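Now for the letters of each chain:
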Amino acid sequence: MTKPQLLIDTDPGVDDALAILMAYAHADLAGLSIAAGNVGLGHTVRNARTLVDLVGMTTPVFAGCAMPLVRAPEEDAAFVHGQDGFGDVGFAEPAAAVSAESAALALLRLTRERPGELTLVALGPLTNLALALRLDPSLPERVARLVVMGGAVTGHGNTGKVPAEFNIGFDPEAAHVVFEAFPAFDLVDWEATLRHAFDDAEFDRWLAAGDHRADFFGRIVATARRYNALHERTGLVAADALAMAVALDPSIVTRSEKRAVAVELDGRLTRGATVVDWAARLGRPAQANIVLEVDQARFAAMVKRALGVPG
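Residues numbered from 1 in each chain as written. Predicted model: local features only at pLDDT ≥ 70, side-chain atom pairs only at ≥ 80, totals over all residues. Heavy atoms only, no water.

Let us look at the overall build of the chain. For the chain, the helix and strand inventory stands at 13 helices and ten strands. Computed over C-alpha atoms, the radius of gyration of the chain comes to 18 Å, within 12% of the 19 Å expected from 2.2 N^0.38 for 311 residues, which places it in the range of a compact globule. Each principal axis of the C-alpha distribution contributes one length, and for the chain these read about 50 × 40 × 40 Å. For the chain, the proportion of its 311 residues judged to be buried stands at 57%. (Helix = DSSP H or I, 4+ residues; strand = E, 2+ residues; numbered from the N terminus. Rg over C-alpha atoms; globule rule 2.2 N^0.38 Å. Buried < 20%, exposed > 50% of the residue type's maximum accessible area, 1.4 Å probe, protein only.)

Our next topic: helix 7 (residues 172-181). Helix 7 sits mainly inside the fold: seven of its ten residues count as buried. For helix 7, every residue scored as buried is listed here: P172, E173, A174, A175, V177, V178 and F179. The inward-facing, buried residues of helix 7 abut helix 5 (127-135), strand 5 (145-149), helix 6 (166-170), strand 6 (185-188), strand 8 (261-263) and strand 9 (274-276). (Contact = heavy atoms within 4.5 Å.)

The next subject is helix 4 (residues 103-113). By the burial criterion, the buried members of helix 4 are A103, A104, A106, L107, L108, L110 and T111. Structurally, helix 4 contributes buried residues whose contacts are with strand 1 (5-10), strand 2 (28-34), strand 3 (61-63), strand 4 (119-122) and helix 5.

Moving on, we come to the packing of helix 1 (residues 14-26) against helix 2 (residues 41-55). Between helix 1 and helix 2, whose axes approach to 11 Å, the crossing angle comes to 35°. Every pair of crossing elements has a handedness; the one defined by helix 1 and helix 2 is right-handed. Residues A17, I20, L21 and Y24 of helix 1 form the contact with helix 2, whose own contacting residues are L51, V52, L54 and V55. Class assignment for the residues of the contact of helix 1 with helix 2 results in eight nonpolar, no polar and no charged. (Axes fitted to C-alpha atoms, helices over the stretch in contact; angles between N-to-C directions. Left-handed = near helix turned anticlockwise from the far one by under 90°. Nonpolar A, V, L, I, M, F, W, Y, C, P; charged D, E, K, R; others polar.)

Bringing the nonpolar core into the picture now. By size, the foremost hydrophobic cluster in this structure holds 64 residues, and its most contacted members are M22, L32, M244, F299 and L307. It is helix 1 that contributes the most residues to this core, ten residues altogether. The residues contacting M244, other than those within four sequence positions of it, are L6, I8, A19, M22, A23, V121 and L123. In this structure, L139, I168, V177 and F179 belong to the second largest nonpolar core, which totals 38 residues. (Core = buried A, V, L, I, M, F, W, Y, C linked by side-chain atoms within 4.5 Å.)

On to the UniProt feature "domain: Inosine/uridine-preferring nucleoside hydrolase" (unreviewed entry) in the chain. UniProt records the feature "domain: Inosine/uridine-preferring nucleoside hydrolase" (unreviewed entry) for residues 6-300 in the present numbering. The span residues 6-300 is 39% helix and 16% strand, and its two end C-alpha atoms sit 20 Å from each other. (UniProt positions renumbered as here; feature names shortened; annotations may be inferred.)

On to the pattern of salt bridges. Throughout the structure, instances matching the rule amount to 18 salt bridges. Across the pair R109 and E113 runs a salt bridge, and its minimum N-O distance is 3.1 Å. Highlighted residues: R109 and E113, both in helix 4, separated by four residues, approximately one helical turn. For R109, a relative accessible area of 28% translates into the label partly exposed. The residue R225 makes a salt bridge to D204 at a minimum N-O spacing of 2.7 Å. Taken together, the residues R225 in helix 11 (residues 222-230) and D204 in helix 9 (residues 200-209) connect sequence positions 21 residues apart. On the basis of relative accessible area, D204 is assigned to the partly exposed category, the value being 39%. Look at the salt bridges and you will find they share partners, linking R46, R49 and E93 into a network. (Salt bridge = Lys/Arg side-chain N within 4 Å of Asp/Glu carboxyl O.)

Structure below.
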């Protein structure tokens, strides 16, 4: 069977790391396009390089936007992921290099070189992708699929703005550009990731049974797990991993709904919220395939393989 061909835009990040390990276990990667988000760009680029070293590959890493398109970010996620984004473990300087090509230009070049071949998986704020779209609005015509981890489709977000999810809330203008430009994409929102969390004890067994990748992930996820335990989030929430599972195998989705989705840019309490036209009242094209449920056993099997768990 031919492996999926992926181009990943991300802001690593603990759960981004698990998603990227899944990609290496199940697909071929054309590149890692990196933005600021969970932590600053210097950390996210370094973390991407650390992952490339971990798996022993030569995947190109492209540094992108250090700031949102318009406004300075109101918050990052260092309080969850650690100040360096990888649980403040203190890994050595990675050997993998950073490309001289900027992330937005790399997104355009790679899709021009391989039109219709690459699934674009957006795991962080959409700044790089929005910039690429402003440079070349024809980009969606060359992407086989777009899968976005972002949003909170019924307003149960995870930021200081009650309805907003972090990736969209970090750069709402970028999300607006992307959502308006792509005629179709899969949306894996924060609420779906909560419904598909893994039991803590079961996940601990996977970490104990896995290889060096499981050891690595167990170390970087410890800070986030402590945060979640203190804030009554039960189970191992693997947000970006769920989006990656959908990107790798769309047949894993057992329930979804196509709806028009927009991004609130101006609300004092709602900036960054994803607004879903559930009742089709606005007459706008339903561009988002909102993933509501996936086959949890198959999702788990994909994660276990990425951690090197036998069987």
